[in-house]
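Chains, contacts and geometry: an overview
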Amino acid sequence: MPPRAPLTLTRLLISTTRPLSSTLPTRLTRQQPYSSQTNPKPKSATGEFYKTFTRPVVKTILIAILTYQLIYYAWLKLEQDEIKGEKNAEIAELEAEVSRLEAVKAEETARKAKEGVPVEVVKKKGWWPF
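In this report, we go over the structure that sits alongside the text. (Residues numbered from 1 in each chain as written. Predicted model: local features only at pLDDT ≥ 70, side-chain atom pairs only at ≥ 80, totals over all residues. Heavy atoms only, no water.)

1. Section: helix α4 (residues 45–115)
It helps to recall that an α-helix has 3.6 residues per turn; residues three or four apart then point in one direction. With 71 residues, α4 should reach 105 Å at 1.5 Å per residue; the first-to-last C-alpha distance of 103 Å fits that figure. Where α4 bends most, the angle comes to about 45°, and this point is F53, followed within four residues by the proline P56. (Helix = DSSP H or I, 4+ residues; strand = E, 2+ residues; numbered from the N terminus. Expected span 1.5 Å × (residues − 1). Bend = angle between axes of the 7 residues up to and from the residue.)

Structure follows, in structure tokens:
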């Protein structure tokens, strides 16, 4: 037989005291109603179903919503990147056309100056009427 641990004050008090329920008179203890002792209420099948399957269904719905949102935002990001790429390509194309037209205009102005044709200076009109 293994040696017993020495008794501490707490163990000594616990081992010497009686439980509270044995010290109370029996008439003060709580009695169950008579109807619940003889006729327990049957559990409904619907209540048992919801008690069993509520948490898994809620978890599944939350995971589905989270997955949908992640896929939606990824799709949105890819679509924005595609639109941005198309706009940047269109801007580069238009800038190239502007620089080509400016080169043509400069070449035409130089040709007219070489031939001695006076170059018309067009005064830019501002916001003011005079």
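The rest of the description comes next.
2. Some points on the packing of aromatic side chains
A complete count under the given rule lists 4 aromatic pairs for this structure. With a centroid separation of 5.0 Å and 45° between ring planes, the pair formed by F49 and F53 is classed as tilted. Here the residue F49 and the residue F53 both occupy positions in helix α4, the gap between them amounting to 4 residues, near one helical turn. Look at F49 and you get partly exposed, because its relative accessible area is 44%. By relative accessible area, which is 42% here, F53 ends up partly exposed. Ring centres 6.2 Å apart and planes at 20° place the aromatic pair Y68 and Y72 in the stacked group. Residue Y68 and its partner Y72 are both found in helix α4; the two are separated by 4 residues, about one turn of the helix. Taking the relative accessible area as the measure of exposure, Y68 reaches 52% and is therefore exposed. (Phe/Tyr/Trp six-rings, centres within 6.5 Å; stacked < 30°, edge-to-face > 60°. Buried < 20%, exposed > 50% of the residue type's maximum accessible area, 1.4 Å probe, protein only.)

Worth remembering: the numbers are spatial, not functional.
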